[in-house]
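# Results of the structural survey
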Amino acid sequence: MSDLRGLPAIGTLLEHAAIKPLRASLDVGQLAYVLREEVAAERARRLAGEAPLDVDALAAKAVARVHELLRPRLRRVVNATGVVINTNLGRSPLAPEALERLLDVAGGYSNLEMDLTSGQRGSRYVHVEELLIRLTGAEAAVVVNNCAAAILLITDTFARGREVVVSRGQLVEIGGSFRLPEVLEASGARLVEVGTTNKTYLSDYERAIRPETGVLMLSHTSNFRIVGFTHEVDRRELAALGRQTGVVTAEDLGSGLLVDLSQWQVPTEPTVQDSVAAGLDLVAVSGDKLMGGPQCGIVVGRRDLVERLKANPMLRALRPDKLALAALEGTLRLYLDPASVAERVPIMGMLARDVDDLKLAATLLAGHLQHLDAEVVPGFSAVGGGTLPGVELPTWLVALRVPEIGLDELARRLRTCEPAVVARIANDRLLLDPRTMLADDPALVVEALRKALA
Ligand SMILES: *Cc1c(COP(=O)(O)O)cnc(C)c1O
């Protein structure tokens, strides 16, 4: 028979010497909630025939639970993976200038929707629209919560109950459950697939056009490549077809690149400016991929069409908040001086980083880890985040073999350190890539390893 008689009363636990001091940081009701959970867990343990815990052990468990509760769940992580844009790790670190805007605006009131000159109601979109126009060459811009929302807004506005024409080679799925065909259909548009997986021609789009056609859509196949016997429709050709037929053309470009990466010997991809210059009516991108800003979706394009997006009541449900707009403004302003973006936009700096500089950083880090037989080895970083698929950026890695504990266990301990460190495991070694570490991160990695192996 299990012994349920010895279960302590909540009132007794509240007076326990280990528990009482917690009242300083937690309301007594919340504290009792935790205690009831622990007592219930203890009851279940005893019913399962396990040896009973005494009152002190129960109190200790409750204290640990309260500390966990008071500690931020969403917290800083050192990215030692070498994957520059990692959706699981929150995509882009923001530039100091963006953080400054964020702090300035978020801690107080702001002119989010007030025109300070007239004192009248203003638009939240004006704060970034001029910058977007100058940087991309488009006539107008609107910002929503993410690129998926941008696609939803475009198709809802121009193709609800009508048709969106997409190439079969571009029906992409991006990580985190963004599937272009599903987003299109969620907006009440009918998807019309044209071409084949490997080849789609302008004539395929042309033949699909009928009175029900709302949008001719291009999508950037940002996380995979179709190679070999292939053909994609050129942006300019599609833009021209849209103009001839009066059908809206749009591109789901995704990564939001604003500068040519080849200046740093990194394989590049089309910039937002390229798509605008090709004459497409609307171009949708994410703010937190290669743009290096906060999570948001940006649509740039023809003024009359952007005005229709702004007039769609659905925008009310997709609109960005002041935090995203403040950080976006701070980020975009840095691109007014493209020559300095590598120094100022963290994502750009990571991509631009010189391989000799990475070797030096890896060597310095390994120098602090000599007791672990750290080796400096050549390897590759990745851009990630569904951008530049297959592109490998040469780097130098710190490689650790720790025979005393398994690598998976070591990686787990590093992830649960404060701050957490996320590393990569390959070829029986734990790999640390300096490319994705911020200035203070190497010291944090050394400290985390010390704790993990203590
Ligand atoms: C990343 C990406 C998306 C989704 O963007 P979110 O901002 O995460 O919604 C859509 N399309 C393409 C081509 C992408 O690369």
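Residues numbered from 1 in each chain as written. Predicted model: local features only at pLDDT ≥ 70, side-chain atom pairs only at ≥ 80, totals over all residues. Heavy atoms only, no water.

Turning next to the nonpolar core. Membership of the largest hydrophobic core comes to 90 residues, with the highest contact counts inside it found for L282 and M348. At 9 residues, helix α6 (residues 147–159) tops the list of elements feeding residues into this core. No fewer than three residues from each of domain 2 (77–87 + 346–453) and domain 3 (96–341) sit in this core. Leaving out residues up to four positions away in the same chain, M348 has contacts with L257, V259, L261, W264, L290, Y335, V341 and A342. In this structure, A80, A366, A411 and L449 belong to the second largest nonpolar core, which totals 26 residues. (Core = buried A, V, L, I, M, F, W, Y, C linked by side-chain atoms within 4.5 Å. Buried < 20%, exposed > 50% of the residue type's maximum accessible area, 1.4 Å probe, protein only. Helix = DSSP H or I, 4+ residues; strand = E, 2+ residues; numbered from the N terminus. Domains from an automatic or database assignment. Contact = heavy atoms within 4.5 Å.)

Turning to the state of the cysteines, a few remarks are in order. Taken as a whole and assessed by the stated rule, the structure comprises 0 disulfides. The closest cysteine sulfur to the non-disulfide-bonded C296 is located on C147, 9.8 Å from its own sulfur. With relative accessibility at 1%, the residue C296 sits in the buried group. (Disulfide = S-S within 2.5 Å.)

One can find R65 in helix α3 (residues 55–70). On the basis of relative accessibility, which here comes to 34%, the residue R65 falls in the partly exposed class. Taking the C-alpha atoms as reference points, R65 and E37, 28 residues apart in sequence, are found 9.9 Å from one another. If we skip the residues at most four places from it in the chain, R65 touches V34, E37 and E38.

Summed over all chains, the structure comprises 35 salt bridges. A salt bridge links E15 to K20; its shortest N-O distance comes to 3.3 Å. For E15, a relative accessible area of 45% translates into the label partly exposed. A relative accessible area of 43% means that K20 is categorised as partly exposed. The closest approach of N and O atoms between D441 and R76, which form a salt bridge, is 2.6 Å. Here R76 lies in the loop between α3 and β1 (77–79) and D441 lies in helix α18 (residues 441–453), a separation of 365 residues in the sequence. Look at R76 and you get partly exposed, because its relative accessible area is 41%. (Salt bridge = Lys/Arg side-chain N within 4 Å of Asp/Glu carboxyl O.)

Here we take up the pairing of strand β12 (residues 375–384). The sheet contact formed by strand β2 (residues 83–85) and β12 spans 2 bridges and is parallel. Paired with I85 across the two strands is G384, which belongs to β12. (Pairing = 2+ DSSP bridges.)

Let us look at the packing of helix α2 (residues 28–47) against α3. One way to put it is that α2 packs onto α3 with a least axis distance of 10 Å and a crossing angle of 130°. It follows that α2 is oblique to α3 by the angle criterion. At the point where α2 passes α3, the crossing takes the right-handed sense. For the pair formed by α2 and α3, the contact residues are L31, V34, L35, E37, E38 and E42 on the first element and L58, K61, A62, R65, V66 and L69 on the second. (Axes fitted to C-alpha atoms, helices over the stretch in contact; angles between N-to-C directions. Parallel < 35°, antiparallel > 145°, perpendicular 65-115°, else oblique. Left-handed = near helix turned anticlockwise from the far one by under 90°.)

Every α-helix winds through 3.6 residues per turn, so residues three or four apart in the chain are directed the same way. With 13 residues, α18 should reach 18 Å at 1.5 Å per residue; the first-to-last C-alpha distance of 18 Å fits that figure. Taken residue by residue, α18 has D441, V445, A448, L449 and A452 as its buried positions. Each buried residue of α18 sits inside an arc of 100° when the element is viewed along its axis, so together they form one side. Away from the buried face of α18 by more than 90 degrees, exposed residues A443 and R450 are located. Among the structural elements, β1, α16 (355–367), β13 (392–400), α17 (407–415), β14 (420–422) and β16 (429–432) are those in contact with the buried residues of α18. (Expected span 1.5 Å × (residues − 1). Arc of directions from axis to C-beta.)

Paired through backbone hydrogen bonds, the strands of a sheet run either parallel or antiparallel to each other. Spatial strand order, β2-β12-β13-β16-β15: 5 strands in an open sheet with mixed pairing. Each of the sheet's edge strands pairs with one partner strand only, and the pair in question is β2 and β15 (424–426). Across this sheet, the average inter-strand angle for adjacent strands is 45°, counted without regard to direction. Note that β15 and β16 share 3 bridges and pair antiparallel. From the neighbouring strand, A426 faces β16, where its bridge partner is R429.

This brings us to the sheet that holds strand β8 (residues 213–219). Strand order in the open sheet formed by 7 strands is β3-β11-β10-β9-β8-β4-β7, and the pairing between neighbours is mixed. Bordering the open sheet on either side are β3 (140–144) and β7 (190–194), each of which pairs with just one other strand. Within the sheet, the average angular offset between the axes of one strand and its neighbour, ignoring direction, is 25°. By the bridge criterion, 5 bridges tie β8 to strand β9 (residues 248–254) in an arrangement that is parallel. Counterpart to L216 in the pairing with β9 is T249. Across the face of the sheet, helix α11 (residues 303–311) comes into contact with β3, β9, β10 (282–286) and β11 (297–301) while running at roughly 30° to β3.

Looking now at the domain arrangement of the protein. For the protein, the assigned domains are domain 1 (2–69), domain 2 (77–87 + 346–453) and domain 3 (96–341). Just the C-alpha atoms count here: the centres of domain 2 and domain 3 sit 33 Å apart. In this assembly, 13 residues from domain 2 lie in contact with 20 residues from domain 3. Sorting the residues of domain 2 by area buried against domain 3 places M348, L388 and P389 first, and these three jointly supply 42% of that buried surface. For the pair domain 2 and domain 3, the number of links is 0 salt bridges. Counting the contacts that link domain 2 with domain 3 gives 0 residue pairs in polar contact (both at pLDDT 80 or more). For the side of domain 2 that touches domain 3, the element with the highest residue contribution is helix α15 (residues 346–352), accounting for 4 residues. (Buried area = accessible area lost by both parts, 1.4 Å probe. Polar contact = N/O pair within 3.5 Å; in protein donor to acceptor, adjacent residues only side chain to side chain.)

Moving on, we get to unusual backbone geometry. Going from E418 to P419, the amide bond is cis rather than trans, its omega being -5°. Here P419 lies in the loop between α17 and β14. With a phi close to 55°, D373 is a non-glycine residue in the positive phi region. As for its position among the elements, D373 is in the loop between α16 and β12. Even without a glycine there, the phi angle at N427 is positive, about 45°. Secondary-structure assignment places N427 in the loop between β15 and β16. Judged by its relative accessible area of 64%, N427 is exposed.

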